[in-house]
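Residue-level structure breakdown
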Amino acid sequence: MRDHLPDPNVTAGDLPPEPLSHSLKQRHLTMLGLGGVIGAGLFVGSGAGIGIAGPAIICSYLLAGVLAMLVMRALGEMSAAMPASGSFSVYAEKALGRWAGFSAGWLYWFLLVVVLAVEATGAAKIANGWLPSVDQWVWVLVFMVVFTVSNLAAVKNFGEFEFWFAALKVGAIVLFLVLGTLAIFGVLPDTDPVGAANLTGHGGFFPAGFGGVVAGMLAVVFAFGGLEVVTIAAAESDDPARSVARAVRSAVWRILFFYVGSMLVIVTLLPWDSMKPGESPYVAVLDSIGIPAAGQIMNIVVFVALLSALNANLYGSSRMVFSLAERGEAPGALLKVSGGGVPRRAVFASVAFGFVSVVLNLLWPDTVFLYMLNAVGAVLLFVWALIAVSQLRLRRILEREMPERLTLRMWLFPYLTWAALLGMAAVLVLMLFDDSARPQLLWSSGAAAVVLLVAWAREVRERRSRAVAADGA
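Predicted model only: the values in this text are computed from it and were never measured.

Reading the values: the criteria
Residues numbered from 1 in each chain as written. Predicted model: local features only at pLDDT ≥ 70, side-chain atom pairs only at ≥ 80, totals over all residues. Heavy atoms only, no water. Axes fitted to C-alpha atoms, helices over the stretch in contact; angles between N-to-C directions. Helix = DSSP H or I, 4+ residues; strand = E, 2+ residues; numbered from the N terminus. Left-handed = near helix turned anticlockwise from the far one by under 90°. Contact = heavy atoms within 4.5 Å. Nonpolar A, V, L, I, M, F, W, Y, C, P; charged D, E, K, R; others polar. Phe/Tyr/Trp six-rings, centres within 6.5 Å; stacked < 30°, edge-to-face > 60°. Buried < 20%, exposed > 50% of the residue type's maximum accessible area, 1.4 Å probe, protein only. Salt bridge = Lys/Arg side-chain N within 4 Å of Asp/Glu carboxyl O. Expected span 1.5 Å × (residues − 1).

With that settled, consider the packing of helix H6 (residues 98-130) against helix H19 (residues 438-472). The packing of two helices is summarised by the inter-axis angle and the distance between the axes. Where H6 meets H19, the axes come as close as 9 Å, and the angle between the chain directions of the two elements is 140°. Crossing of H6 over H19 shows right-handed handedness. Between H6, through Arg98, Trp99, Phe102, Ser103, Trp106 and Leu107, and H19, the contact on the second element is made entirely by Ala447, Ala448, Val451, Leu452, Val454, Ala455, Arg458, Glu459 and Glu462. For the contact of H6 with H19, the per-class residue count stands at 10 nonpolar, one polar and four charged.

In structure tokens form, the structure reads like this:
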């Protein structure tokens, strides 16, 4: 049976022109791709992974990074061929039907607006440590208002914010890698070559066996979330197809290098079992090589990383819900666009739920908000799976209908796309058997089931409406 799109009157490339601004430049997208996943999860959360896997955390990051890289390559192929502000939600709808686009879009929107609260609260805690006289909730309010205003203004403001935020994070990682490498070879003052003692001692490279690598991967795989925003932003660039292709090509390799390189430096310089839970392994390394005020330096970097993620998630959530409204999957009132091409009502809708999430996080962090956070814990993997399945379907259609649009191709198609799907299935199974990850999987599955149920009910209602209309005619 020949593949075809759910709507046979629409070809793969027939996406309507976006009414949004097109003022993002190539440098904005490139830095957004690089900085999108460099956040507090890397600078602070990586310590938990090291405590689980030991030096083998390098393998955990490598496996998780390869999985993220394959997903982004598949998404980049579709984005370069069909740039759209709804990105993977649009592609899922075109490949699989309205239910898939509806589900991917709303699940991702829910993920972003909930995570907003974590980022705003984390940044507020750091700022409160610097200025204890200003209450934490005041800082949260300031951050939310500042970035709401930024997102309500021209999209180039978002681009500039993210460019400089990402530049600082990338610069911090590069400097860390340079200093760490020099310390490993004993080039820095008061340092001696460390050799491989920390990699092979203290229980060996695999102190917890292959199970530790797997558990470490569960701890770090979600740190790669955020790369998807670059494909959403591509629709507002001056040359969407070329811009997103270049951004994806550069981002996936460099991100893998930054993550795996950082872990290699950390576990080579310090014994893995010397890491203290909740403390940044980056600070521990900088302290060990004699960098003054290492803790405060890293606090500034983490603070910027959190604000950057807050800004990017507010942007991504507003564009996703705007795209859903364009396709009749969200209230039509959200389609209002300013003279500068900004979907302001979509921004307000996203930030309003973001404020609700923040309040819940401040008032009931261990009850109501914890349930919400668990409900989005595995959503990223569900979205990634829809991306891979959509690419399997759309690639064949694009090859047949308009091969000239395939300027960025998935490697070894379809084998590596299937490999990515198998990898995601394996992670989900591992989560089911992991005591700490199981609640996230179960709650996220419940959230996905609710969204799928709503999507099914909408399709049934629309079929009945069409049938009634046909009978009346």
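Here the narrative resumes.
Bringing the packing of aromatic side chains into the picture now. Across all of its chains, the model carries 21 aromatic pairs by this definition. Here the aromatic rings of phenylalanine 110 and phenylalanine 353 are separated by 6.2 Å at their centres, their planes lie at 75°, and the arrangement is edge-to-face. Placement of the pair is phenylalanine 110 in helix H6 and phenylalanine 353 in helix H15 (residues 344-363), with a sequence separation of 243 residues. Under the relative-accessibility criterion, phenylalanine 353 is labelled partly exposed at 26%. Ring centres of tryptophan 130 and phenylalanine 303 lie 5.1 Å apart, and the angle between their planes is 65°; this geometry places the pair in the edge-to-face category. Remark: phenylalanine 303 occurs in helix H14 (residues 294-326) and tryptophan 130 occurs in helix H6; sequence separation between them is 173 residues. An aromatic cluster of at least three residues, connected via ring pairs, comprises Phe102, Trp106, Trp109, Phe110 and Phe353.

Of all the nine residues making up helix H5 (residues 88-96), eight are buried; the element is thus mostly covered by neighbouring parts of the structure. Taken together, the buried positions of H5 are Phe88, Ser89, Val90, Tyr91, Ala92, Glu93, Lys94 and Ala95. Contacts made by the buried residues of H5 are with helix H4 (57-81), H6, H14 and helix H17 (379-401). Looking at the residues trailing H5, positive phi occurs at glycine 97, about 125°.

Attention shifts here to the pattern of salt bridges. For the structure on display, the rule yields 15 salt bridges. Among the salt bridges present, the one from arginine 438 reaches aspartate 435, with a minimum N-O distance of 3.0 Å. Given a relative accessible area of 28%, arginine 438 falls into the partly exposed group. Judged by its relative accessible area of 61%, aspartate 435 falls in the exposed class. Look at the salt bridges and you will find they share partners, linking Glu77, Arg395, Arg396, Glu399 and Arg409 into a network.

This part takes up H14. With 33 residues, H14 should reach 48 Å at 1.5 Å per residue; the first-to-last C-alpha distance of 48 Å fits that figure. Buried residues dominate H14, accounting for 26 of its 33 residues. The positive-phi residue at the C-terminal boundary of H14 is glycine 328, with phi of around 75°.

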